[in-house]
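# Architecture and fold: a report
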Amino acid sequence: MTKTLDLGCGLKPKNPFNAAEVYGIDVRDDADSNIVKADLVVDPIPFPDDSFEYVTAYDFLEHIPRLIYTPTRRNSFIELMNEVWRVLKPGGHFLSFTPAYPHSAAFCDPTHVNFITEETFPNYFDDVKTWAVIYGFKGKFQVVSQEWRGSHLMAVLRKVA
């Protein structure tokens, strides 16, 4: 039975891969039984390792700061990508759909603090260059696809063991 997890899901988790079981994470207090409350800027994803075939993040990654002090220095975005890699089963897929540079939608919302570009995933989180390792990234993804949908960049990454 396939399972999917939607990060920052709001009231209803998205299920683009048509998984049999659908879970979500959000900061809301009024979540239903399949939506877990967590602040992914500072909290780990509250599920065990290798739990999901799919993880999605729609209009979410741009809200995760790249760097915070709590009081020590933390790379929140890198930590979140580690968590996504951790909860995905081997060969599992991560779908990111986010407003991205150079479009103004990436910058106009004052809560957007993380700017994604076409180079972010292939250079930092892939299984070839792996530049994010210097910041503490422990996983590897194969970039399956990236495409523009208006001002949003949709990327699909596959977990590499």
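Rules and cut-offs
- Residues numbered from 1 in each chain as written.
- Predicted model: local features only at pLDDT ≥ 70, side-chain atom pairs only at ≥ 80, totals over all residues.
- Heavy atoms only, no water.
- Helix = DSSP H or I, 4+ residues; strand = E, 2+ residues; numbered from the N terminus.
- Contact = heavy atoms within 4.5 Å.
- Polar contact = N/O pair within 3.5 Å; in protein donor to acceptor, adjacent residues only side chain to side chain.
- Buried < 20%, exposed > 50% of the residue type's maximum accessible area, 1.4 Å probe, protein only.

Our focus in this paragraph is the environment of E53. For E53, the position within the fold is in strand β4 (residues 52-58). Excluding its chain neighbours within four sequence positions, the residues that come into contact with E53 are M1, T2, K3, L88, K89, G92 and H93. At 2.9 Å, the side chain of E53 forms a polar contact with the side chain of K89.

What follows covers the side chain of T4. For T4, the location among the structural elements is in strand β1 (residues 3-7). Among the residues examined, T4 registers a relative accessible area of 0% and is labelled buried. A distance of 3.4 Å separates a polar atom in the side chain of T4 from the backbone oxygen of Y54. Those residues within four positions of T4 in sequence are excluded, and the remaining contacts are K14, N15, A19, E21, V22, Y23, F52, Y54, V55 and T56.

Below, the discussion takes up the side chain of N82. As for its placement among the helices and strands, N82 is situated in helix α1 (residues 76-87). On the basis of relative accessible area, N82 is assigned to the buried category, the value being 13%. Once residues lying within four places of it in the same chain are set aside, the contact partners of N82 are G136, F137, K138 and G139.

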